[in-house]
Amino acid sequence: MDVIMGIGYEEGIDAQSAELISEWDYPNVGVVLGVTPMAGPDTVMLDYSESGPDGEPAVVYVGEDRIPRRVADSFGEFIDGLVSCEVYEDEDDDQ
């Protein structure tokens, strides 16, 4: 992920999610969490389809096929699994 959207503000989850779901035809399972390096057609979303609006959402990756694939059981688990992009910088230099 390049960007994790904040809550509120003009560029936040509240303002952007419905628009992005409609524009990119993402599944209506929750809210768009952030922007990936491809900047569409894929994304990462908070998925409330199993938990309901008051539960803990899973985190899913949505690719070009628009099928949500679970990457973490919770937002906390997702955040704990993130690593700095610096880990991969040397790999890019070799190509």
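Structural data are supplied above this passage.
Residues numbered from 1 in each chain as written. Predicted model: local features only at pLDDT ≥ 70, side-chain atom pairs only at ≥ 80, totals over all residues. Heavy atoms only, no water.

Draft legend 1. Inspection of the pairing of strand β5 (residues 68–72) at higher detail. Pairing of strand β4 (residues 58–62) with β5, which is carried by 4 bridges, proceeds in the antiparallel orientation. Residue pairing across strands places V60 opposite R70, the latter belonging to β5. Where β4 folds back onto β5 in an antiparallel hairpin, the turn is made up of 5 residues, including R66, whose phi is positive at roughly 65°. (Pairing = 2+ DSSP bridges. Helix = DSSP H or I, 4+ residues; strand = E, 2+ residues; numbered from the N terminus.)

Draft legend 2. Geometry of the environment of V60. Structurally, V60 can be placed in strand β4. Note on V60: relative accessible area 2%, which makes it buried. Separated by 13 residues in the primary sequence, V60 and D47 place their C-alpha atoms 6.4 Å from one another. In contact with V60, not counting residues within four places along its chain, are T43, V44, M45, D47, P68, R69, R70 and V71. (Buried < 20%, exposed > 50% of the residue type's maximum accessible area, 1.4 Å probe, protein only. Contact = heavy atoms within 4.5 Å.)

Limitation: the analysis is restricted to geometry and does not speak to function.
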